[in-house]
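# Structure assessment
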Amino acid sequence: MKKIAIYITTLFCMVSCELTDVLENDPPNNLVAENVVKNETDARALLSGVYSTITSFTSAYYYMYTELIPSALAGSMSQSGGGNIHGQFSINDVKFDNLFVKEYWLIFYKVMDIANNSIVLTAELSDEEISPNSKKEIIGEAHFLRAMATFDALRYYGQFFDESSKYGIVLRTEPSNFVTRDKARSTVAESYAQILADLDIAIADAPDYTVSYRASKTAAKALKAKVLLYQGKYAEAAALADEVIMSGSTSLESTFENVFSKGLKSSEMILMTYRDENSDNLDNNRKRFYTGRVGTSWFTSLMTSDPRKPFTYSGANVLKTNNVEVFRPTYFMRLAEMYLIKAEGLAFSNASLEDASAPLNVIRNRAGIGNSTATTIDELKDDIFDEIARELAFENGSEWFAAIRFNKIMTLKPTVTSSNQYILPIPEEEINGNGSITLADQNPGYE
C-alpha cells in the first residue's frame, strides 16, 4: 500500500541483489590508485555506486526530503519529535542554515560526482578492457543518473519556473576536486540545457528497459517528458509521454492498490529503488526518518470520497507493525504520471477538449471515479491538477510542483506569499566553501 502522508518513513539500505557484492567493497566514490577503474567489472561497480548512494542510510535524503514541502502543502503536518527544523518546511519559512537544506543539496551533488567519475573513467577504458557496447550503455546510464540529480537540484534550489532567470544551479559535469571545486551558478536556461543534453545521450545509449530499478532508455524518455513539461514545452512533453506510453515497456496495473502492493513486480514502475522482502522490517530503525499526519486541508477534502484514500493515508499518527502500513518512497517515475503529463501537455498546448481529456480519463477510470465532466479547457485543467494530487500524492513532490505550474500554490498554501518560497536557499556551507559563489548569489528572499 502507498500509505504516504502519515508515515514519512524511508527504506535506507535497499540495493539490488546484483549490486550486493559490489557494495561490500570499498565504494569507488573517492577514487585512489587502489580502486581505479581498470576493466568492465570495475566500471559496473562504479556505476552501481550511484544507486547505492541514492539508497544508503546516510544518503536517503535523496528521495526523502522531497516530501517535506509537498507534505506541508497537502495538510497541516504535526511532527513527531521534528521540532523547528521540520516546522520551517511546514510554514514555508526555511532558513539557509537548516540542516536538511545542506544535506539535501549534498546528496544531489554526491550522486552527480559519482556519475561524473563513471562517465570519465569508463570512457578511458580500451576495447580490450571493456566491450564497446558495455562502455556505451554504462556511460549512457551514468548520464541519466546525472540528469536526474541535476534536475532535482534545479527543482529545489533553482528558479526552474523562470527560464530567463540567472538563478540556476551549480552544474557539475566533471569529477570534483580542488581544481574544479570553485564554480559559479549557471542560469536556469543553461541548467535545463545540460539536463536535456544528458537525457539525449541516455535515450541514445542507455540500456533498453529490463528492470524497474535500473535506468533505461524508457526512463530517460519519461524524465525528458517531465523536464519539457516544467519548461513549458507542452506539446513536446505530451508527445514524448505518449511515446513512453505506447512503447510497451510498462503497463498500467489494473488497480491503484496493485501499483504499490506488488513492489518490484508492478508492471507500472518505470524507475524505482530496489527492495527485497526484508526491506520493510520495522525493527530496522534506519528506516524511520520522520512521522507526521495529514490535518484538515484542501487535500483531505479532495480525497474524502476517492477510492484511493485508504491506500494513500489514514488518520493514525503512529508507525504500524504491519508492513502494508509503511510508507515506501521507493519510486521515481511510473506510467500513470506519463498519462497525466500527456493530459497536461495537451491541455496547455491548445489541443481539443476531447484529446486532452482522453489520457486523464484513463487514470480516473482506473481509480473508479469516472470520466471528467469538464466542458471547457479551463475546467479540464482543474481536473488534471486534482488528479495529479490524488494519483501522485506525496510522490517526489508531484503535488507541490503541480500547484506551482497551475498557479494554485498561493491559494492552497497561504504561507506561500512569494515565488521566492517555491525553492530552498543555497546552503550556508556551499556559499562558504565554493569560492565562486558569494552571498550575493543566494536565492532571492534568503539573503
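What counts, and where the lines are drawn
Residues numbered from 1 in each chain as written. Predicted model: local features only at pLDDT ≥ 70, side-chain atom pairs only at ≥ 80, totals over all residues. Heavy atoms only, no water. Helix = DSSP H or I, 4+ residues; strand = E, 2+ residues; numbered from the N terminus. Areas by Shrake-Rupley, 256 points an atom, 1.4 Å probe, with all protein chains shown as cover. Axes fitted to C-alpha atoms, helices over the stretch in contact; angles between N-to-C directions. Parallel < 35°, antiparallel > 145°, perpendicular 65-115°, else oblique. Left-handed = near helix turned anticlockwise from the far one by under 90°. Contact = heavy atoms within 4.5 Å. Nonpolar A, V, L, I, M, F, W, Y, C, P; charged D, E, K, R; others polar. Core = buried A, V, L, I, M, F, W, Y, C linked by side-chain atoms within 4.5 Å. Buried < 20%, exposed > 50% of the residue type's maximum accessible area, 1.4 Å probe, protein only. Expected span 1.5 Å × (residues − 1). Salt bridge = Lys/Arg side-chain N within 4 Å of Asp/Glu carboxyl O. Polar contact = N/O pair within 3.5 Å; in protein donor to acceptor, adjacent residues only side chain to side chain. Phe/Tyr/Trp six-rings, centres within 6.5 Å; stacked < 30°, edge-to-face > 60°. pLDDT = per-residue confidence, 0-100. Lys, Arg positive; Asp, Glu negative; His and termini not counted.

## Remarks on the overall build of the protein chain
Of the regular secondary structure elements, the protein chain holds 18 helices and two strands. Accessible surface, the protein chain: about 17,100 Å² in total, of which carbon and sulfur atoms supply 49%.

## Quick word on the packing of helix H15 (residues 377-391) against helix H16 (residues 398-405)
It is at 9 Å that the axes of H15 and H16 come closest, and there the two elements cross at 165 degrees. On the basis of the axis angle, H15 is roughly antiparallel to H16. Between H15 and H16 lies a crossing whose hand is left-handed. Where H15 abuts H16, its residues Phe385, Ile388 and Ala389 lie against Ser398, Glu399, Ala402, Ala403 and Arg405. Here the residues of the contact of H15 with H16 sort into five nonpolar, one polar and two charged.

## Focus on the nonpolar core
Residues Phe144, Tyr157 and Met338 are the most contacted members of the largest nonpolar core, which totals 107 residues. Beyond its immediate stretch of four places on either side in the chain, methionine 338 contacts Ala222, Ala241, Val244, Ile245 and Ile270. Judged by nonpolar contacts, the second largest core, of seven residues, contains Phe256, Val259, Phe260 and Met272.

## Points about H15
Its 15 residues give H15 an end-to-end C-alpha distance of 20 Å, which sits within 8% of 21 Å, the value for a rise of 1.5 Å per residue. Of all the positions in H15, only Leu380, Lys381, Asp383, Ile384, Phe385, Glu387, Ile388, Ala389, Arg390 and Glu391 are classed as buried.

## Comments concerning the pattern of salt bridges
Pairs can form between side chains of opposite charge whenever their charged atoms are close. Per the stated rule, a full pass over the model turns up 24 salt bridges. One salt bridge in this structure joins aspartate 306 and arginine 390, with 3.6 Å as the shortest N-O distance. Placement of the pair is aspartate 306 in the loop between helix H12 (298-302) and strand S2 (331-334) and arginine 390 in helix H15, with a sequence separation of 84 residues. With a relative accessible area of 6%, aspartate 306 lands in the buried category. The closest approach of N and O atoms between glutamate 391 and arginine 366, which form a salt bridge, is 3.0 Å. Taken together, the residues glutamate 391 in helix H15 and arginine 366 in helix H14 (residues 353-367) connect sequence positions 25 residues apart.

## Considering unusual backbone geometry
The bulk of non-glycine residues show a negative phi, and the bulk of peptide bonds are trans. Despite not being glycine, asparagine 350 shows a phi value in the positive range, around 65 degrees. Asparagine 350 sits in the exposed class, given a relative accessible area of 76%.

## A look at the side chain of arginine 308
Note on placement: arginine 308 falls in the loop between H12 and S2. Looking at arginine 308, its side chain comes within polar contact range of the side chain of aspartate 306, at 2.8 Å.

## A word on the packing of aromatic side chains
A complete count under the given rule lists 18 aromatic pairs for this structure. Relative to phenylalanine 401, the ring of tyrosine 230 has its centre 5.7 Å away and its plane inclined at 50 degrees; by these criteria the two rings are tilted. On the criterion of sequence distance, the pair formed by tyrosine 230 in helix H9 (residues 217-231) and phenylalanine 401 in helix H16 is long-range, its members being 171 residues apart. The pair tyrosine 230 / phenylalanine 401 is uniform in exposure class, with both members buried. Taking the centre distance of 5.1 Å and the plane angle of 25 degrees together, the rings of tyrosine 234 and phenylalanine 348 count as stacked. Residue tyrosine 234 is located in helix H10 (residues 234-246), and its partner phenylalanine 348 is located in the loop between helix H13 (335-347) and H14; the two are separated by 114 residues in the primary sequence. For phenylalanine 348, a relative accessible area of 23% gives the class partly exposed.

## Quick notes on helix H8 (residues 188-205)
With 18 residues, H8 extends 26 Å from end C-alpha to end C-alpha; this agrees with the ideal 26 Å at 1.5 Å per step. Here H8 has its buried residues at Val188, Ser191, Tyr192, Gln194, Ile195, Leu196, Asp198, Leu199 and Ala202. Buried positions along H8 lie against helix H7 (132-157) and H9.

## So, the environment of lysine 408
Relative to the assigned elements, lysine 408 resides in the loop between H16 and helix H17 (409-412). Lysine 408 sits 23 residues away from phenylalanine 385 along the chain, and the two C-alpha atoms are 9.2 Å apart.

## Some words on the environment of leucine 424
Examined against the element boundaries, leucine 424 turns out to sit in the loop between H17 and helix H18 (428-433). Sequence-wise, leucine 424 and asparagine 92 are 332 residues apart; in three dimensions their C-alpha atoms are separated by 9.3 Å.

## Some points on the packing of H7 against H8
One way to put it is that H7 packs onto H8 with a least axis distance of 8 Å and a crossing angle of 150 degrees. For the element pair H7 / H8, the angle class is roughly antiparallel. Note on packing geometry: the crossing formed by H7 with H8 is left-handed. Here H7 contributes Lys136, Glu137, Gly140, His143, Phe144, Arg146, Ala147, Thr150, Phe151 and Leu154 to the contact with H8, which in turn contributes Ser191, Tyr192, Gln194, Ile195, Asp198, Leu199, Ile201, Ala202 and Asp205. Residue composition of the contact of H7 with H8, by class: nine nonpolar, five polar and five charged.

## A look at the environment of proline 444
Along the chain, proline 444 falls in the segment after H18. What makes proline 444 buried here is its relative accessible area of 18%. Remark: the alpha-carbon pair of proline 444 and glutamine 421, spanning 23 residues in sequence, is separated by 9.0 Å. Once residues lying within four places of it in the same chain are set aside, the contact partners of proline 444 are Gln159, Tyr167 and Asn420.

## Regarding the confidence of the model for the protein chain
Any segment with low pLDDT has predicted coordinates that should not be analysed in fine detail. In this model, the protein chain carries an average pLDDT of 81, and 77% of its residues clear a pLDDT of 70 or more. Long-range and interchain partners of residues 316-329, a stretch whose pLDDT sits below 50, account for 47 contacts in this model, where long-range means more than four residues apart.

## Observations concerning the side chain of lysine 381
Within the secondary structure, lysine 381 sits in helix H15. An unpaired buried charge is present at lysine 381: no salt bridge exists, and aspartate 378, the closest side chain of opposite charge, is 4.2 Å distant. Sequence-distant contacts of lysine 381, that is, excluding residues within four places in its chain, are made with Ala347, Phe348 and Phe406.

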